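Each chain, written out:
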Amino acid sequence: MKISHIEHIGIAVESLETAIPFYEKALGLKCYAVEEVAEQKVKTAFFKVGETKIELLESTDPEGPIGKFIEKKGPGMHHLAFAVDQVDASLEDAEANGVRLIDKKHRNGAEGLKIGFLHPKSTFGVLTELCGHE
Ligand code: ZN
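Only a predicted model underlies this, so the values are computations on that prediction, with no experimental measurement involved.

Moving on, we get to the overall build of the protein. The helix and strand tally for the protein stands at 3 helices and 8 strands. N-terminal to C-terminal, the α/β element order of the protein is β-α-β-β-β-α-β-α-β-β-β. The globule rule puts the C-alpha radius of gyration for 134 residues at 14 Å, and the 14 Å found for the protein is close to it. Taking the principal axes of the C-alpha coordinates as reference, the protein spans close to 45 × 30 × 25 Å. Counting every position in the protein, which comprises 134 residues, the buried fraction comes to 43%. Summed over its atoms, the accessible surface of the protein is roughly 7500 Å², and 54% of this surface lies on carbon and sulfur atoms.

Set out below in structure tokens:
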């Protein structure tokens, strides 16, 4: 696996409508995209911070992963995403190194990226995403 940088940090919020103004007004960042990812049952909003992005995640379904996360833990940091050159091969590498996977194969994330998650039980409590274009 070859990680180039932190692609984004995912933050679960109850409402994009109330969270976006905080990032824009209080932090002075610019929301450059809002996108619904039906497969993940979320609506996302993106901000660039250098090479890294902040991805706000609002649930569109209480039974979806973000809906359940907020119900259990409340809003807050949800996952850390590393950019890799090849997502499926990197997931295989991780598994070969004894890491428990949530996704054995990539799924489709926001911004046309392929994404796959490592299980937080194997990553010291941090839900870890690998993402990339291949
Ligand atoms: Zn993500």
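The discussion continues.
Let us look at the packing of aromatic side chains. Under the defined criterion, the tally for this structure stands at 3 aromatic pairs. Here Y23 and F47 contribute two aromatic rings whose centre-to-centre distance is 5.2 Å and whose plane-to-plane angle is 35°, an arrangement assigned as tilted. Placement of the pair is Y23 in helix α1 (residues 16-26) and F47 in strand β3 (residues 42-49), with a sequence separation of 24 residues. When sorted by exposure, Y23 lands in the same class as F47, which is buried. Ring centres 6.2 Å apart and planes at 40° place the aromatic pair Y32 and F46 in the tilted group.

Within strand β4 (residues 52-59), 6 of the 8 residues are buried, leaving the element largely enclosed by the surrounding structure. The pairing of β3 with β4 spans 8 bridges and is antiparallel. In the sheet register, V42 faces β4, and the bridge partner there is S59. Connecting the antiparallel pair β3 and β4 is a turn made up of 2 residues, with G50 showing a positive phi of about 65°.

To continue, consider the sheet that holds β4. Pairing within the open sheet is mixed, and its 8 strands lie in the order β2-β3-β4-β1-β5-β8-β7-β6. What marks the edges here is a single partner per strand, and that holds for β2 (31-37) and β6 (107-108). The strands touched by helix α3 (residues 87-96) are β5 (76-84), β7 (114-118) and β8 (128-132); relative to β7, the strand with the most contacts, the crossing angle is about 10°.

Before going further, it helps to spend a moment on the nonpolar core. Generally speaking, nonpolar side chains in soluble globular proteins are found buried as a group. Of all hydrophobic cores here, the largest spans 11 residues; its members are I11, V13, L16, A19, I20, Y23, C31, A45, F47, I54 and L56. For this core, the leading source of residues is α1, giving 4 residues. When neighbours within four sequence positions are excluded, V13 is seen to be in contact with A19, L56, L57, E58, S59, I70 and P75. One finds A12, V42, L57 and I66 within the second-largest nonpolar core, a separate group that totals 9 residues.

Those protein atoms acting as donors to the zinc ion are H8 (NE2), E55 (OE), H79 (NE2) and E129 (OE), and they sit at 2.0 to 2.5 Å. Around the zinc ion sit 4 donor atoms; with metal-centred angles ranging over 82 to 171°, the donor geometry is irregular. Counting residues between consecutive donors of the zinc ion along the chain gives the motif H-x46-E-x23-H-x49-E. Of this pair, H79 sits in strand β5 while E129 sits in strand β8; the two residues are 50 residues apart in sequence, bridging distant segments of the chain.

Cut-offs applied
Residues numbered from 1 in each chain as written. Predicted model: local features only at pLDDT ≥ 70, side-chain atom pairs only at ≥ 80, totals over all residues. Heavy atoms only, no water. Helix = DSSP H or I, 4+ residues; strand = E, 2+ residues; numbered from the N terminus. Rg over C-alpha atoms; globule rule 2.2 N^0.38 Å. Buried < 20%, exposed > 50% of the residue type's maximum accessible area, 1.4 Å probe, protein only. Areas by Shrake-Rupley, 256 points an atom, 1.4 Å probe, with all protein chains shown as cover. Phe/Tyr/Trp six-rings, centres within 6.5 Å; stacked < 30°, edge-to-face > 60°. Pairing = 2+ DSSP bridges. Contact = heavy atoms within 4.5 Å. Axes fitted to C-alpha atoms, helices over the stretch in contact; angles between N-to-C directions. Core = buried A, V, L, I, M, F, W, Y, C linked by side-chain atoms within 4.5 Å. Donors = N, O, S within 2.8 Å, 3.2 Å for Na, K, Ca; no water. Tetrahedral: all angles 85-135°; square planar, octahedral: opposite > 155°, others 65-115°.

Distances and angles like these do not, on their own, reveal function.
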